[in-house]
Amino acid sequence: MLVIAEVGQAHEGSLGMALSYIGALAEAGVDAVKFQVHIAEAESSILEPFRIKFSEQDKTRFDYWKRMEFSTDEWKLIKKTCEDNNVEFLASPFSNAAVDLLEEVGVKRYKIGSGEVNNFLLLEKIAKTGKQVIISSGMSSFDELDATVSFLRERKISFSLLQCTTSYPTTPANYGLNVIQELKQRYKVKVGYSDHSSKIETCIAATAMGAEILEFHAVFSRKSFGPDVSSSLELSEIRMLVAAIRNISTALNEPVSKADNSKYSGLKQIFEKSLAVNKDLRKGEIIKFEHLEAKKPKEYGIDASQFDQVIGKKIANDINRFDFLTWSHLAE
């Protein structure tokens, strides 16, 4: 299981805040900390509308992207801080220029955001690096994904797919957990889930549904500023989530066989029961169902599962109330 915490723009353009997120998320147990690399002039224009109008600080969306930029040296420090904290530095580029920057900084693989799935110019740029990609499928139909998958396979690029709903925050009716298995069956690749629900149960459910990669937005507080805070998990939630999905992953990778219960023999001796009688019975009396009780432990009397074999039998010798019933108590 690869667990990715997405910082996105939660750093608000502050290098110190970005570095703080890395340490906190590493402590929470994630495998990778992901950022978004926006180079305003290369990916946007003053004509780009706000997805949601969240900022009075930025007059345009372009201004916002400018404020989110870091220099190459700052990105190198971000990557080094990830390495120092034993988490992978992962990033989504939103322009060819961002790919050039990330190649200089150094990345193991690339994450492709939902809006870039059909951006074959960007995909070609990344394909030329030969590196693996993780693709969020949020806004794409199967027909569109088919085209993207064919594009990558033609270039022999290793890829994984994430089910994702591009809705902030995502409501339960739109989680699309069923798509996890549909993607696996259709493309025969590693599949995961990219979450925008701000609820820990979504990724837990995705794990149980077969997701092998999980991605979610992280924020110190949902009361903070930014376009993704309502779709993010806070650190305390992330710690609980990581612990839960590690446990579920272990369970899924350690199937239990119901064909062999030998390891429970000791417990079965304690918990299972033997037949007893619930009244004094005298020699010659006929045992009825109403005379029987079952008591712990097992093997001190006839097994309780064999009760029907004693009904109608004669008592061979006296037996007192709540004594265990053995075969020796029964007449031939």
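Keep in mind that what you see is a predicted model, and the values were worked out from it rather than measured.

Peer 1: Before we move on, could you go through the packing of helix H9 (residues 200-208) against helix H10 (residues 235-253) and cite the residues and values that matter?
Peer 2: The N-to-C vectors of H9 and H10 enclose an angle of 15°; their axes lie 9 Å apart at closest approach. Our classification of the angle between H9 and H10 gives roughly parallel. Relative to H10, H9 is oriented so that their crossing is right-handed. Residue-level inspection shows Ile 200, Cys 203, Ile 204, Thr 207 and Ala 208 of H9 in contact with H10, the latter providing Glu 237, Met 240, Leu 241, Ala 244, Ile 245, Ile 248, Ser 249 and Leu 252. Split by residue class, the contact of H9 with H10 holds 10 nonpolar, two polar and one charged.

Peer 1: Kindly report on the domain arrangement of the protein, identifying the contributing residues and their values.
Peer 2: By the assigned domains, the protein splits into domain 1 (2-253) and domain 2 (262-329). Each of domain 1 and domain 2 has a C-alpha centre, and these two points are 64 Å apart.

Peer 1: Let's hear about the packing of aromatic side chains: which residues, and what values?
Peer 2: Under the definition given, this model contains 10 aromatic pairs. Summarising the aromatic geometry, the rings of Tyr 21 and Phe 220 are spaced 3.9 Å apart at their centres and angled 10° between planes, so their arrangement reads as stacked. With Tyr 21 in helix H1 (residues 15-28) and Phe 220 in the loop between strand E8 (213-217) and H10, this residue pair connects regions lying 199 residues apart in the sequence. Residue classification places Tyr 21 among the buried positions, given a relative accessible area of 2%. Pairing Phe 70 with Trp 75 gives two aromatic rings, centres 5.3 Å apart and planes at 85°, and the pair type is edge-to-face. For Phe 70, a relative accessible area of 8% translates into the label buried. Judged by relative accessible area, Trp 75 falls into the buried class, the value being 2%.

Peer 1: Could you give an account of the pattern of salt bridges, naming the residues involved and the relevant values?
Peer 2: Tallied over the full model, the rule gives 23 salt bridges. In this structure, Glu 69 engages Lys 66 in a salt bridge whose closest nitrogen and oxygen atoms are separated by 3.9 Å. What makes Glu 69 partly exposed here is its relative accessible area of 24%. In this structure, Lys 298 engages Asp 303 in a salt bridge whose closest nitrogen and oxygen atoms are separated by 3.8 Å. Residue Lys 298 is classed as buried on the basis of its relative accessible area of 18%. A residue is classified by how much of its surface remains accessible, and Asp 303, at 22% relative accessible area, is partly exposed. Overlapping salt bridges, with partners in common, bring together Glu 6, Lys 34, Lys 111 and Glu 215 in one network.

What counts and how
Residues numbered from 1 in each chain as written. Predicted model: local features only at pLDDT ≥ 70, side-chain atom pairs only at ≥ 80, totals over all residues. Heavy atoms only, no water. Axes fitted to C-alpha atoms, helices over the stretch in contact; angles between N-to-C directions. Helix = DSSP H or I, 4+ residues; strand = E, 2+ residues; numbered from the N terminus. Parallel < 35°, antiparallel > 145°, perpendicular 65-115°, else oblique. Left-handed = near helix turned anticlockwise from the far one by under 90°. Contact = heavy atoms within 4.5 Å. Nonpolar A, V, L, I, M, F, W, Y, C, P; charged D, E, K, R; others polar. Domains from an automatic or database assignment. Phe/Tyr/Trp six-rings, centres within 6.5 Å; stacked < 30°, edge-to-face > 60°. Buried < 20%, exposed > 50% of the residue type's maximum accessible area, 1.4 Å probe, protein only. Salt bridge = Lys/Arg side-chain N within 4 Å of Asp/Glu carboxyl O.

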